[in-house]
Amino acid sequence: FGPKLLPADTDNPDGYIEDIRSIELNRLALARKGKHPEWGFDQVDSASHRLSYANWFKQAVNYLEQRRTITSYWGWKDPRNSLLLADWLEVEPSMKVIAVFREPWDVLASLERSRHNFFSDCPTKAVDIWCNFNRKIIEFKTANPDRLILIHTNEFLKNPNLLFEEMKDKWYCEIG
């Protein structure tokens, strides 16, 4: 999932399993679009802090080139990817996506336990964010049905082999 992962903290003592460089690139891409770099909602921002698309694209290509290894299968996990799937597809036209669906109450409970206290002031904002992330996944799946596998968290936890079977059936790949 990456050479340098976001470390565990009090919000997530088991760790995030999120590559720091991919998080940085996703934050830059969201800021470039005038979006909050963590949650993707519109924000008033000075254009001087925005990275050009060409500059972001070059950084993203370099990141992917550094990540390529002998194995064909690798990736990263970052919820912000949900908002940027079309952007990443431009960078990597052969990209395949596995999206994990979590129930809204699971996400809200997780956010409530986190240090992101602005949700306690406006809990509907968390629902709006959850809806937006999922809407973007559905839009990508609709436009690119052969590129995305959607799996429910509970189903994956019950039987991780279901994901591998779907990858095998959909993308003709063998894992392990």
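Keep in mind the model is a prediction, meaning the values are calculated, not measured.

Caption draft 1: Layout of the packing of aromatic side chains. Enumeration over the complete set of coordinates arrives at seven aromatic pairs. When the centroid spacing of 5.8 Å and the interplanar angle of 45° are considered together, the rings of Tyr-53 and Phe-57 count as tilted. Within this pair, Tyr-53 and its partner Phe-57 are both found in helix H2 (residues 53–67), separated by four residues, close to a single helical turn. Here the aromatic rings of Tyr-63 and Trp-76 are separated by 5.3 Å at their centres, their planes lie at 75°, and the arrangement is edge-to-face. With Tyr-63 in helix H2 and Trp-76 in the loop between H2 and helix H3 (85–91), this residue pair connects regions lying 13 residues apart in the sequence. Given a relative accessible area of 17%, Trp-76 falls into the buried group. Chaining the aromatic ring pairs together yields one cluster made of Tyr-53, Trp-56, Phe-57, Tyr-63, Trp-76 and Trp-88. If you follow Arg-32 out to its NZ or CZ, it ends over the ring of Trp-56, 5.3 Å from the centre. The positively charged end of Lys-125 is found above the aromatic ring belonging to Phe-41, 4.5 Å away from the centroid.

Caption draft 2: Main features of helix H1 (residues 20–32). Between its terminal C-alpha atoms H1 stretches 18 Å, which fits the 18 Å expected from 13 residues at 1.5 Å a residue. All buried positions along H1 are accounted for by Ser-22, Ile-23, Leu-25, Asn-26, Ala-29, Leu-30, Ala-31 and Arg-32. Those residues of H1 that are buried lie in contact with H2 and H3. Phi turns positive, to about 75°, at Gly-34, one or two residues after H1.

Caption draft 3: Summary view of a nonpolar patch on the surface. A contiguous nonpolar surface patch, about 290 Å² in accessible area, is contributed by Phe-1, Leu-5 and Ile-17. Tracing the sequence through the fold places Phe-1 in the segment before H1. Looking at Phe-1, the relative accessible area reads 57%, which means it is exposed.

Caption draft 4: Summary view of the nonpolar core. Grouped together as the largest cluster of nonpolar side chains are 28 residues, with contacts concentrated most on Trp-56, Leu-85, Trp-88, Met-95, Phe-140 and Leu-148. Elements that contribute at least two residues to this core include exactly H1, H2, H3, strand S1 (97–101), helix H4 (104–113) and helix H6 (123–143). Each residue touching Trp-88, except ones within four places of it in the same chain, is listed here: Leu-25, Asn-26, Trp-56, Ala-60, Tyr-63, Leu-64, Trp-76, Asn-81 and Met-95. Ranked by size, the runner-up nonpolar core spans six residues in total, among them Ile-149, Ile-151, Leu-163 and Met-167.

Caption draft 5: Spatial organisation of the side chain of Glu-92. With respect to the secondary-structure elements, Glu-92 resides in the loop between H3 and S1. Engagement of the side chain of Glu-92 in a polar contact is seen with the side chain of Ser-94, the distance being 2.5 Å. The residues touching Glu-92, leaving out its near neighbours within four places in the chain, are Leu-64 and Arg-68.

Caption draft 6: Inspection of the pattern of salt bridges at higher detail. Tallied over the entire structure, the rule returns eleven salt bridges. Taking the shortest distance from any N to any O, the salt bridge between Lys-77 and Glu-18 comes out at 3.1 Å. With Lys-77 in the loop between H2 and H3 and Glu-18 in the segment before H1, this residue pair connects regions lying 59 residues apart in the sequence. What makes Lys-77 partly exposed here is its relative accessible area of 36%. Put simply, Arg-27, Glu-38, Asp-78 and Arg-80 are held in one network by salt bridges that share partners.

Caption draft 7: The packing of H4 against H6, seen in detail. The N-to-C vectors of H4 and H6 enclose an angle of 130°; their axes lie 10 Å apart at closest approach. Comparing their axes, H6 and H4 come out oblique. Regarding H4 and H6, the two cross each other, and that crossing is right-handed. Contacts between H4 and H6 involve Pro-104, Val-107, Leu-108 and Leu-111 from the former and Ala-126, Val-127 and Trp-130 from the latter. Across the contact of H4 with H6, the residue classes tally to seven nonpolar, no polar and no charged.

Parameters at a glance
Residues numbered from 1 in each chain as written. Predicted model: local features only at pLDDT ≥ 70, side-chain atom pairs only at ≥ 80, totals over all residues. Heavy atoms only, no water. Phe/Tyr/Trp six-rings, centres within 6.5 Å; stacked < 30°, edge-to-face > 60°. Helix = DSSP H or I, 4+ residues; strand = E, 2+ residues; numbered from the N terminus. Buried < 20%, exposed > 50% of the residue type's maximum accessible area, 1.4 Å probe, protein only. Lys NZ or Arg CZ within 6 Å of the ring centre and 35° of its normal. Expected span 1.5 Å × (residues − 1). Contact = heavy atoms within 4.5 Å. Patch = residues over 30% accessible without salt bridge, like charges linked within 9 Å, V, L, I, M, F, W, Y side chains within 5 Å. Areas by Shrake-Rupley, 256 points an atom, 1.4 Å probe, with all protein chains shown as cover. Salt bridge = Lys/Arg side-chain N within 4 Å of Asp/Glu carboxyl O. Core = buried A, V, L, I, M, F, W, Y, C linked by side-chain atoms within 4.5 Å. Polar contact = N/O pair within 3.5 Å; in protein donor to acceptor, adjacent residues only side chain to side chain. Axes fitted to C-alpha atoms, helices over the stretch in contact; angles between N-to-C directions. Parallel < 35°, antiparallel > 145°, perpendicular 65-115°, else oblique. Left-handed = near helix turned anticlockwise from the far one by under 90°. Nonpolar A, V, L, I, M, F, W, Y, C, P; charged D, E, K, R; others polar.

Read these as spatial facts, not as claims about activity.
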